[in-house]
Protein chains: 4
Amino acid sequence: MDKIERFGVSMSAELLALFDERIREKGYATRSEAIRDIVRDYLVEGEWEDHLGEVVGTVTIVYDHHTHELGEALTDLQHGSHEAVICATHVHLDAHNCLETVVLRGTSDLVRRIADRLISTRGVKHGKLVCTTTGQRIS
Amino acid sequence: MDKIERFGVSMSAELLALFDERIREKGYATRSEAIRDIVRDYLVEGEWEDHLGEVVGTVTIVYDHHTHELGEALTDLQHGSHEAVICATHVHLDAHNCLETVVLRGTSDLVRRIADRLISTRGVKHGKLVCTTTGQRIS
Amino acid sequence: MDKIERFGVSMSAELLALFDERIREKGYATRSEAIRDIVRDYLVEGEWEDHLGEVVGTVTIVYDHHTHELGEALTDLQHGSHEAVICATHVHLDAHNCLETVVLRGTSDLVRRIADRLISTRGVKHGKLVCTTTGQRIS
Amino acid sequence: MDKIERFGVSMSAELLALFDERIREKGYATRSEAIRDIVRDYLVEGEWEDHLGEVVGTVTIVYDHHTHELGEALTDLQHGSHEAVICATHVHLDAHNCLETVVLRGTSDLVRRIADRLISTRGVKHGKLVCTTTGQRIS
């Protein structure tokens, strides 16, 4: 387990009152927890700017599964990058529309390139990449 | 099947050359496909600003599964919102770290509120919400 | 002058070391200053979500001043909203290209609407709105 | 003057109707103008990712001018980077609060570094950088 350090933050009473109000709305139990979350998010950004380290990304795509050969194209793409694709989850939104989340792991350049290919595939209506972390450096 | 319309776009030759270069890098097969994607993304934003319609969101969270009672807290939260939670996928990143993607469906306010609760849970290291669509209006 | 409060934040030593490294790169002198900045940014977002309060926005537009009647159109637009436009600064980037920054003040809806009109004017090549604050509540 | 090219875009009637509705709200006169704007924004992003070319940035900062020596610190910072600072505009928001917009020109790394320094200066309440263009390649 990591050693825990404690440090002081000074802030005007007015600013602190506004912050407390906002984090209560967001569901945080303590100020420390909210500040740790903001700090971690700031650091995950840094991991993605670094071209050598390993990151994790989740791609969400929405598409019409009736589109000719789209399902196959997406599966082929994922198999072609199998060393980076951890898993995919498929949701049937209605008779036509599917959602798929694909979890990817590798350098930020590789994860972005695979995400770009999935999102730009013809027939994919909407796609977004979430940049997250392996959690190894972020404690 | 929807009726397809075709319209003309005028652009300087120089601007068009730069656009063609960029979308080739991103993996688009045609200009139409790239422009449709940009347009759909622009519209999904609008769906999220609308408080009445139904949207779909994917939450990605990374956490240490050794954190006391965190797994249970996350499961309870999802069960408490079962009408909006479609499914969750769990990935074991290493001996300590887990990643979970949760697919949510409902009004944008409801999806955001559940996402805020999941992300602000003590022990969750990093969390992000992707705002996407049911695909019903976006063709 | 506001009363200053001080509170403690606990964080793993590892996370704190990464944070210290990142804020040093960004040029912060102390942790408190970095955390106050992150907190203020979080609160300015909240001011913009509130439809009643007053906010400040800066619009930056780049355009070719040879475009027929564009300068006039932009000036007319600003005069038509004179109660919200505080000032505009004009920069000659080269023989053709101009940059203009326009400072706006009002409700977030009004500031956004004027910014949308400026940015969508034919001949404006690029435009962006910065959402900031009057500074009155944010200390 | 650049040569103008015209190309066709195909889209479902339903998607096109939603797009027309959204761009009307934003104030666009024609589809071509809206699409050119979206394309230019996509390209300006690319200019900022390129480390060699020249870009333009506008920094907006809000601060309390009573903060001890802040005005001087900000002026010193700008003089120390005078080759990149084109101009600064100062607005008196009220008896305490000032807003300043600073227009910067240089490589994206240089513009970001100066912006980071301005925003992280102690006493600056809020600061944001807008990434824009010299307009030379974007027609």
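What counts, and where the lines are drawn
- Residues numbered from 1 in each chain as written.
- Chains lettered and ligands numbered in written order.
- Predicted model: local features only at pLDDT ≥ 70, side-chain atom pairs only at ≥ 80, totals over all residues.
- Heavy atoms only, no water.
- Contact = heavy atoms within 4.5 Å.
- Buried area = accessible area lost by both parts, 1.4 Å probe.
- Salt bridge = Lys/Arg side-chain N within 4 Å of Asp/Glu carboxyl O.
- Helix = DSSP H or I, 4+ residues; strand = E, 2+ residues; numbered from the N terminus.
- Nonpolar A, V, L, I, M, F, W, Y, C, P; charged D, E, K, R; others polar.
- Polar contact = N/O pair within 3.5 Å; in protein donor to acceptor, adjacent residues only side chain to side chain.
- Least-squares fit on C-alpha atoms with pLDDT ≥ 70 in both.
- pLDDT = per-residue confidence, 0-100.
- Pairing = 2+ DSSP bridges.
- Expected span 1.5 Å × (residues − 1).
- Buried < 20%, exposed > 50% of the residue type's maximum accessible area, 1.4 Å probe, protein only.
- Arc of directions from axis to C-beta.
- Axes fitted to C-alpha atoms, helices over the stretch in contact; angles between N-to-C directions.
- Parallel < 35°, antiparallel > 145°, perpendicular 65-115°, else oblique.
- 1 Å grid on protein atoms, 1.4 Å probe; cavity = no way out; pocket = protein on both sides within 12 Å on 5 of 7 lines; lining within 4 Å.
- Points joined across faces, edges and corners; volume = space filled by probe spheres on them.

Here the focus is the interface of chain D and chain C. In many reports, interface size means the accessible area that the parts give up when they come together. Of the residues lining the interface, 45 residues belong to chain D; the matching set on chain C comes to 45 residues. Both sides of the chain D and chain C interface together cover about 3600 Å² of buried area, and 52% of this is carbon and sulfur. Counting the contacts that link chain D with chain C gives 4 salt bridges. C:K26 serves as the salt-bridge partner of D:D116, at 3.8 Å between the closest nitrogen and oxygen. Counting only elements with at least two residues in the side of chain D that touches chain C, the list comes to α1 (13–26), α2 (31–49), β2 (55–64), β3 (85–92), β4 (97–106), α4 (108–120) and β5 (124–132) of chain D. With 7 residues, β5(D) is the single largest residue contributor to the side of chain D that touches chain C. The class makeup of the residues in the side of chain D that touches chain C is 15 nonpolar, 16 polar and 14 charged.

Across the boundary between the two partners, chain A contributes 45 residues, which contact 45 residues of chain B. In total, chain A and chain B occlude about 3600 Å² of area from one another, counting both sides; carbon and sulfur atoms represent 52% of this. Along the contact surface separating chain A from chain B lie 4 salt bridges. Residue A:K128 is joined to B:D41 by a salt bridge in which the shortest nitrogen-to-oxygen separation is 3.3 Å. At the boundary of chain A and chain B, one finds 25 residue pairs in polar contact (both at pLDDT 80 or more). Here the element with the most residues in the side of chain A that touches chain B is strand β5 (residues 124–132) of chain A; it accounts for 7 residues. Across the side of chain A that touches chain B, the residue classes tally to 15 nonpolar, 16 polar and 14 charged.

Before going further, it helps to examine the relation of the copies chain A and chain B. With an RMSD of 0.0 Å, chain A superimposes on chain B once it is rotated by 180° and translated 0.0 Å along the axis. Both copies of the chain, as the preceding transformation shows, are related through a two-fold rotation axis. Mapped onto chain B, 100% of the interface residues of chain A are again interface residues, and the two copies thus contact each other with one and the same surface.

The subject of this paragraph is the confidence of the model for chain A. Taken over all residues, the pLDDT of chain A has a mean of 91, while the share at 70 or more is 99%. Listed scores for the predicted complex are pTM 0.81 and ipTM 0.86.

All names here are of chain B. Sheet analysis places strand β3 (residues 85–92) next to strand β4 (residues 97–106), joined by 7 bridges and oriented antiparallel. Across the sheet, residue H90 finds its bridge partner in β4, namely E100. In sequence, β3 turns back onto β4 through a hairpin of 4 residues.

Taking 1.5 Å per residue as the helical rise, helix α1 (residues 13–26) of chain B with its 14 residues ought to reach 20 Å, and the 20 Å between its terminal C-alpha atoms agrees with that figure. Of the residues making up α1(B), those classed as buried are B:L15, B:L16, B:L18, B:F19, B:R22 and B:I23. Take α1(B) and look down its axis: the buried residues cluster within an arc of 160°, on one side only. Those residues of α1(B) that are exposed and aimed more than 90 degrees away from the buried face are B:R24 and B:E25. Buried-residue contacts for α1(B) involve β1 (4–12) and α2 (31–49) of chain B together with β1 (4–12) and α2 of chain D. Note on α1(B): the residue one or two positions beyond its end, B:G27, has a positive phi of about 100°.

Further remarks concern the arrangement of the chains. There is a gap between chain B and chain C: no contact, and a shortest C-alpha distance of 11 Å. Contact between chain A and chain D is absent, and the least distance between their C-alpha atoms amounts to 11 Å.

What follows concerns the packing of α1(B) against α2(B). Axes are the key here: two packed helices are described by the angle between their axes and the distance separating the axes. All names here are of chain B. Following both chains from N to C, one finds α1 and α2 inclined at 85°, their axes separated by 11 Å at the closest point. Accordingly, the angle class assigned to the pair α1 and α2 is roughly perpendicular. Contacts between α1 and α2 pair L16, F19, D20 and I23 from the former with R31, A34, I35 and I38 from the latter. Of the residues in the contact of α1 with α2, the class split is 6 nonpolar, no polar and 2 charged.

Okay, helix α3 (residues 70–80) of chain A next. Residue and element names in this part refer to chain A. Among the residues of α3, L70, L74 and Q78 are the ones counted as buried. With its buried residues spanning 70° around the axis, α3 presents them on a single face. Turned more than 90 degrees off the buried face of α3, the exposed positions are E72, D76, H79 and G80. Where α3 is buried, its residues contact β2 (55–64), β3 (85–92), β4 (97–106), α4 (108–120) and β5.

Moving on, we come to empty space enclosed by the protein. Under the defined criterion, the tally for this structure stands at 1 cavity of 30 Å³ or more. Size it by volume and the largest cavity reaches roughly 40 Å³. Those elements that place two or more of their residues in the lining of the largest cavity are α2 of chain B together with α2 of chain D. Looking at the lining of the largest cavity residue by residue, the class counts come to 6 nonpolar, no polar and no charged.

Moving on, we come to the pattern of salt bridges. Summed over the entire model, instances satisfying the criterion amount to 33 salt bridges over all chains. One continuous salt-bridge network, built from bridges that share partners, spans B:R22, D:E45 and D:E49.

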